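Analysis of the macromolecular model
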Amino acid sequence: MSANLPSENPGFPRKTVLVVDPDPAVSAMLSTVLTPAGWEIQKAPDNKAALGLIGDRAFDLIVTGEKTSGREDVDLLNSIRRVHPHTRMIILTDASTPADVIACIRERAFSYFSKPISLDALAEIVRIAAEGPCWDDGIEIVSATPAWIRLVARCDTKTADRLLQFFKEMSDLPEREKADAAIAFREILLNAIEHGGHFDPNQYVEITYVRMRHMVGCRVKDPGTGFSRDELPHAAISNPPDDPIRHFSVRQLQNLRPGGFGILMARNLVDELLYNEKGNEVLLVKYLDRGNAPG
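To keep things clear, this report deals only with the structure shown in the data block. (Residues numbered from 1 in each chain as written. Predicted model: local features only at pLDDT ≥ 70, side-chain atom pairs only at ≥ 80, totals over all residues. Heavy atoms only, no water.)

Within helix 4 (residues 98-106), seven of the nine residues are buried, which leaves the element mostly enclosed by the surrounding structure. Among all positions in helix 4, only Pro 98, Asp 100, Val 101, Ile 102, Ala 103, Cys 104 and Ile 105 are buried. Buried residues in helix 4 make contact with helix 3 (70-81), strand 4 (89-93), strand 5 (111-114), strand 6 (139-145), strand 7 (148-154) and helix 6 (157-170). In the segment just after helix 4, Arg 108 is the residue with positive phi, at about 65 degrees. (Buried < 20%, exposed > 50% of the residue type's maximum accessible area, 1.4 Å probe, protein only. Helix = DSSP H or I, 4+ residues; strand = E, 2+ residues; numbered from the N terminus. Contact = heavy atoms within 4.5 Å.)

As structure tokens, then:
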């Protein structure tokens, strides 16, 4: 998203972000994103000082420091929520485990980043937090261990962006496999939200992530009625070999946004992509040691 944030309206209270022990690069990014929108930026040297400030006032957004662990920041969030139940917190940390990420999602943190932190990705999440209405739901864990996570997510693109960041943090994979799996998951998730959930925030997709020794699997189930392969002339995966861009004209006729490469891209980035009979569930499989992949 590149939409500008709305400028400050003098008729409304000024919004404030509390930044804990900020890295200079993070401070500069927050100033670039939030100051033009009229946000006030306040700083605290550590979590203890931040908790003291919370007792005096409510903050619209809190961004933690990288020097604390994810577990410490989740504890801070729990303490803050006793006073201000709907506080939005973006956790930054240089010490993280999949269990920390799960705890973060359970406690409804807005997002989570561990080192090395992409400032571009962080800026995007900050914009989502700043632009959206005051809510802290949208992603709900049904059951979870570090190796087997099941959750539901609301059918809107901002929730998808948040979920993708959590997915990257949960996936303790080699960088190449993590990047491929994240891109494939994003494409399938957006398809589920758009075509199965029709961007209806009252609908939810179900996601199951399984981490095994030599593979990862991700199942995405949308709330739609499903489809068959014959019903996808608007997708690149249905193009004949001699006409690789045929779906462009189909999408134009149907007034669909440009695209249609999601399923094809996902299929090329993972080792297995399977749909159920109904067409509303997808299973993605990525092998970490190709010698163990079935022939």
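Cis peptide bonds are those with omega within 30 degrees of zero, and the linkage from Lys 115 to Pro 116 qualifies with -5 degrees. With respect to the helices and strands, Pro 116 occurs in the loop between strand 5 and helix 5 (119-131). A positive phi angle, close to 40 degrees, is found at Asp 21, a residue other than glycine. One can find Asp 21 in the loop between strand 1 (16-20) and helix 1 (24-34).

Residue placement: His 84 occurs in the loop between helix 3 and strand 4. Residue classification places His 84 among the buried positions, given a relative accessible area of 19%. At 3.4 Å, the side chain of His 84 and the backbone oxygen of Arg 57 are in polar contact. In this structure His 84 touches Ile 54, Arg 57 and Ala 58, once residues within four positions along its chain are discounted. (Polar contact = N/O pair within 3.5 Å; in protein donor to acceptor, adjacent residues only side chain to side chain.)

We now examine the sheet that holds strand 8 (residues 204-211). Sheet architecture is open: six strands sit in the order 6-7-8-9-11-10, paired in antiparallel fashion. Single-partner strands in this sheet number two, and they are strand 6 and strand 10 (272-275). Mean inter-strand twist for the sheet, computed between neighbouring axes without regard to direction, equals 15 degrees. With six bridges connecting them, strand 6 and strand 7 associate as antiparallel partners. Bridging from a neighbouring strand, Ser 143 pairs with Arg 150 of strand 7. Lying on the sheet, helix 7 (residues 175-196) is in contact with strand 7, strand 8, strand 9 (215-221), strand 10 and strand 11 (281-287); it crosses strand 11 at an angle near 175 degrees. (Pairing = 2+ DSSP bridges. Axes fitted to C-alpha atoms, helices over the stretch in contact; angles between N-to-C directions.)

Take empty space enclosed by the protein next. Applying the stated criterion across every chain, the model contains five cavities of 30 Å³ or more. Roughly 90 Å³ of internal volume is contained in the largest cavity. Residue lining of the largest cavity: Phe 167, Ala 181, Phe 185, Tyr 209, Val 216, Gly 217, Cys 218, Val 270, Leu 284, Val 285 and Lys 286, and that is the complete set. Of all the elements in the fold, those that place two or more residues in the lining of the largest cavity are helix 7, strand 9 and strand 11. (1 Å grid on protein atoms, 1.4 Å probe; cavity = no way out; pocket = protein on both sides within 12 Å on 5 of 7 lines; lining within 4 Å. Points joined across faces, edges and corners; volume = space filled by probe spheres on them.)

Here we take up the layout of surface pockets. To find leftover empty space, a probe the size of one water molecule is rolled over the atoms. Estimated volume of the second largest pocket: approximately 450 Å³. Contributing elements (two or more residues each) for the lining of the second largest pocket: strand 5, helix 6 and helix 7. For the lining of the second largest pocket, the element with the most residues is helix 7, which contributes five residues.

Relative to the helices and strands, Phe 167 resides in helix 6. Residues Phe 167 and Tyr 112, 55 residues apart in the sequence, show an inter-C-alpha distance of 9.9 Å.

On to the pairing of strand 9, then. Taking burial as the measure, the seven residues of strand 9 include five buried ones, the bulk of the element. Relative to strand 9, strand 8 runs antiparallel, the two sharing six bridges. Residue pairing for strand 9: Arg 211 is matched across the bridge by Val 216. Taking the residues that link successive antiparallel strands as the turn, the strand 8-strand 9 hairpin has three residues. Pairing geometry for strand 9 and strand 11, over seven bridges, is antiparallel. Each residue of the ladder has a partner; that of Gly 217, found in strand 11, is Val 285.

Its twelve residues place the ends of helix 3 16 Å apart at the C-alpha level, agreeing with the 16 Å of an ideal helix rising 1.5 Å per residue. Every buried residue of helix 3 is accounted for by Gly 70, Asp 73, Val 74, Leu 76, Leu 77, Ile 80 and Arg 81. Considered in projection along helix 3, the buried side chains sweep an arc of 155 degrees and stay on one side of the axis. (Expected span 1.5 Å × (residues − 1). Arc of directions from axis to C-beta.)

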